Amino acid sequence: MPATTFPTPSAEIDAHIAALADWRGDLLARLRRWIHDALPDVVEDVKWRKPSNPGGVPVWSHGGILCTGEVYKDKVKLTFARGAALPDPAGLFNASLDAGTRRAIDLRADSRLDAAAFQTLIRAAAAANRGG
């Protein structure tokens with residue numbers, strides 16, 4: 001009996017981005033590239049599959065979850081698991097600001113995000129996961 005092969009989480013995220021085929025896919029691909037540029041050894045996963053979202057949610061981890069990348073009709077939402085504990089001098093967080101632990105960045109089609117500030121935030125999330 002042949003062995004069953006399953007796609008890697010990275011391949012699943014590739015397929016998820018390709019299936020969007022609009023500005024949301026382009027944006028998520030760019031954000032993913034910036035995450036990898038900031039932390040080349042970041043780990044990708046797909047979590048929280050359910051009937052309403054069978055493809056699940058892309059997750060980036062480095063010593064713990066850094067952020068998730070959820071796609072909605074009108075936005076791409078990056079939720080940082082420990083965002084409330086992170087410095088955000090560039091003011092990137094614009095959602096879930098009253099949450100006790102997490103913070104999020106909601107991006108719409110016309111949103112602009114500073115790559116360097118975003119990568120600094122990604123590195124800070126990794127440092128927080130290491131206890132630094």
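Residues numbered from 1 in each chain as written. Predicted model: local features only at pLDDT ≥ 70, side-chain atom pairs only at ≥ 80, totals over all residues. Heavy atoms only, no water.

Visitor: An account of the packing of aromatic side chains is requested, with residue identities and associated values reported.
Guide: Geometry of an aromatic ring pair is reported as the spacing of the ring centres plus the angle between the planes. The final tally for this structure, using the stated rule, is three aromatic pairs. Ring centres 5.4 Å apart and planes at 75° place the aromatic pair Phe80 and Phe93 in the edge-to-face group. With Phe80 in strand E4 (residues 76-80) and Phe93 in the loop between E4 and strand E5 (103-107), the pair connects residues that are 13 residues apart, well separated along the chain. The buried category is assigned to Phe80, whose relative accessible area is 0%. Residue Phe93 is classed as buried on the basis of its relative accessible area of 9%. On the numbers, 6.4 Å between centres and 80° between planes, the contact of Phe80 with Phe118 is edge-to-face. Of this pair, Phe80 sits in strand E4 while Phe118 sits in helix H3 (residues 115-129), and the two are 38 residues apart along the sequence. For the pair Phe80 and Phe118, a shared accessibility class is recorded, and that class is buried. Site record: aromatic cluster; members linked through ring pairs are Trp34, Phe80, Phe93 and Phe118. (Phe/Tyr/Trp six-rings, centres within 6.5 Å; stacked < 30°, edge-to-face > 60°. Helix = DSSP H or I, 4+ residues; strand = E, 2+ residues; numbered from the N terminus. Buried < 20%, exposed > 50% of the residue type's maximum accessible area, 1.4 Å probe, protein only.)

Visitor: I'd like a description of the sheet that holds E5, backed by residues and values.
Guide: Read across the open sheet, the five strands follow the order E1-E2-E3-E4-E5; overall the sheet is antiparallel. Only two strands of the sheet have a single neighbouring strand rather than two, namely strand E1 (43-47) and E5. Averaged over all pairs of adjacent strands, the angle between their axes in this sheet comes to 20°, without regard to strand direction. Where strand E3 (residues 65-71) meets E4, five bridges bridge the pair, whose relative direction is antiparallel. Paired with Thr68 across the two strands is Thr79, which belongs to E4. Contacts from helix H1 (residues 9-20) reach E1, strand E2 (57-61) and E3 within the one sheet, and its direction differs from that of E1 by about 65°. In the packing of helix H2 (residues 23-38) onto the sheet, the strands contacted are E1, E2, E3, E4 and E5, and the crossing angle to E4 comes to about 30°. (Pairing = 2+ DSSP bridges. Axes fitted to C-alpha atoms, helices over the stretch in contact; angles between N-to-C directions. Contact = heavy atoms within 4.5 Å.)

Visitor: Give a detailed account of the pairing of E2, specifying residues and quantitative values.
Guide: Extensive coverage of E2 is indicated by the burial of five of its five residues. Every second residue of E2 is oriented toward a common face, with Val57, Val59 and Ser61 on one face and Pro58 and Trp60 on the other, all of them buried. Note: E1 against E2, five bridges, orientation antiparallel. Bridge pairing in E2 links Asp45 to Val59. Connecting the antiparallel pair E2 and E3 is a turn made up of three residues, with Gly63 showing a positive phi of about 75°.

In short, the description is geometric, and any link to function would need to be established separately.
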